[in-house]
Amino acid sequence: MKTASIRRATMDAIVAQAEREFPFECCGFIIGDNNENAVEEVRRIANIQNAMHAKDPTAFPRDARTAFLMDPKQHLAVMNELDARKLELRVVYHSHPDHDAYFSPTDRAQACSFDPTEPDYPDTVYIVLSIRAGKFARAAAFAWDSDKKVFVETPLTIS
């Protein structure tokens, strides 16, 4: 089973973002490499769900309190940075305001946006943060199980 490990400073940064953006979902990436002195950097991505909901509530019935949609330009910029710096997308993260840290059917649909049977980033861990009343409650990590074709909770180590 794949495990997730991130640094304490990285965890603190994504928790601070999730608390700051409460009552809305936050989202972003953790990029890095697997070298001995590993690079590990947070890339916050704007959640444009509220703007899309305001623009077209029929197509986007949920607002950012219960959904996230990453700004596509920022998303692409991080993908270009990964290529330029020869780094990896290690983690996709988002928060669940006033809900548990679980991998929802909507989370799976977003993770498998190109093909509903396979994730866009199969080797990437997904971290969900539960933020209750504006304060961090719990984080859970999820990895793709290619045999079962599902995301399963996996150990998350903060070092």
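Above this text you will find the structure in question.
Here we summarise the structure given alongside this text. On a predicted model such as this, the values are computed, not experimentally measured, just so you know.

## Some points on the nonpolar core
Among the nonpolar cores identified, the biggest contains 22 residues, and Phe29 and Phe151 are the most heavily contacted of them. Secondary structure elements with two or more residues in this core: strand S2 (27-32), helix H3 (72-85), strand S4 (88-97), strand S5 (125-132) and strand S6 (135-145). If sequence neighbours within four positions are ignored, Phe29 has contacts with Glu41, Val42, Arg43, Ile45, Met70, His75, Val78, Met79, Leu89, Val91, Val92 and Tyr93. Counting residues in each nonpolar core, the second largest holds 16 residues, with Ala18, Val91, Val125 and Ala141 among its members.

## Some points on the sheet that holds strand S3 (residues 40-45)
If you walk across this open sheet you meet the 6 strands as S3-S2-S4-S5-S6-S7, and the pairing is mixed. Whereas interior strands pair on both sides, the edge strands pair on one side only; in this sheet they are S3 and strand S7 (150-154). Within this sheet the neighbouring strands show an average axis-to-axis angle of 30°, counted without direction. The pairing of S2 with S3 spans 6 bridges and is classified as antiparallel. Looking across to S3, one finds that Gly28 is bridged to Arg44. Across the sheet, helix H1 (residues 8-21) is in contact with S2, S3, S4, S5 and S6; its angle to S3 comes to roughly 15°. Across the sheet, H3 touches S2, S3 and S4, and the angle it forms with S3 is around 160°.

## Some thoughts on H1
The first and last C-alpha atoms of H1 sit 20 Å apart over 14 residues, in line with the 20 Å expected at 1.5 Å per residue. For H1, the complete set of buried residues consists of Thr10, Met11, Ile14, Val15, Gln17 and Ala18. Axial view of H1: buried residues confined to an arc of 160°, hence all on one face. Every exposed residue of H1 that faces more than 90 degrees away from the buried side is listed here: Ala9 and Arg20.

## As for the packing of aromatic side chains
If you walk through the whole model with that rule in mind, you get 5 aromatic pairs. Geometrically, the ring pair formed by Phe103 and Phe151 is tilted, given 4.5 Å between the ring centres and 40° between the ring planes. One end of the pair, Phe103, is in the loop between S4 and helix H4 (105-111); the other, Phe151, is in strand S7, with 48 residues separating them in the sequence. In terms of burial, Phe103 and Phe151 fall into one category: buried. With centroids separated by 5.2 Å and ring planes inclined at 80°, the aromatic side chains of Tyr126 and Phe151 adopt a geometry described as edge-to-face.

## Observations regarding unusual backbone geometry
Look at the link from Phe22 to Pro23: it is a cis peptide, with omega at 15°. By secondary structure assignment, the location of Pro23 is in the loop between H1 and S2. With a phi angle near 60°, Lys86 is a residue other than glycine that sits in the positive phi range. Residue position: Lys86 is located in the loop between H3 and S4. The class of Lys86 is exposed, set by a relative accessible area of 70%.

## Brief notes about the state of the cysteines
By the definition in use, this model includes 0 disulfides. Free cysteine: Cys26, not disulfide-bonded; nearest cysteine sulfur from Cys27 at 6.7 Å.

## Concerning the environment of Glu41
Looking at where Glu41 falls in the secondary structure, it is placed in strand S3. Owing to a relative accessible area of 23%, Glu41 belongs among the partly exposed residues under this scheme. For the pair Glu41 and Ala139, spaced 98 residues apart in sequence, the C-alpha to C-alpha distance is 18 Å. Leaving out residues up to four positions away in the same chain, Glu41 has contacts with Phe29, Ile30, Ile31, Glu81 and Arg85.

Reading guide: rules and limits
- Residues numbered from 1 in each chain as written.
- Predicted model: local features only at pLDDT ≥ 70, side-chain atom pairs only at ≥ 80, totals over all residues.
- Heavy atoms only, no water.
- Core = buried A, V, L, I, M, F, W, Y, C linked by side-chain atoms within 4.5 Å.
- Buried < 20%, exposed > 50% of the residue type's maximum accessible area, 1.4 Å probe, protein only.
- Helix = DSSP H or I, 4+ residues; strand = E, 2+ residues; numbered from the N terminus.
- Contact = heavy atoms within 4.5 Å.
- Pairing = 2+ DSSP bridges.
- Axes fitted to C-alpha atoms, helices over the stretch in contact; angles between N-to-C directions.
- Expected span 1.5 Å × (residues − 1).
- Arc of directions from axis to C-beta.
- Phe/Tyr/Trp six-rings, centres within 6.5 Å; stacked < 30°, edge-to-face > 60°.
- Disulfide = S-S within 2.5 Å.

Nothing here speaks to function; it is geometry throughout.
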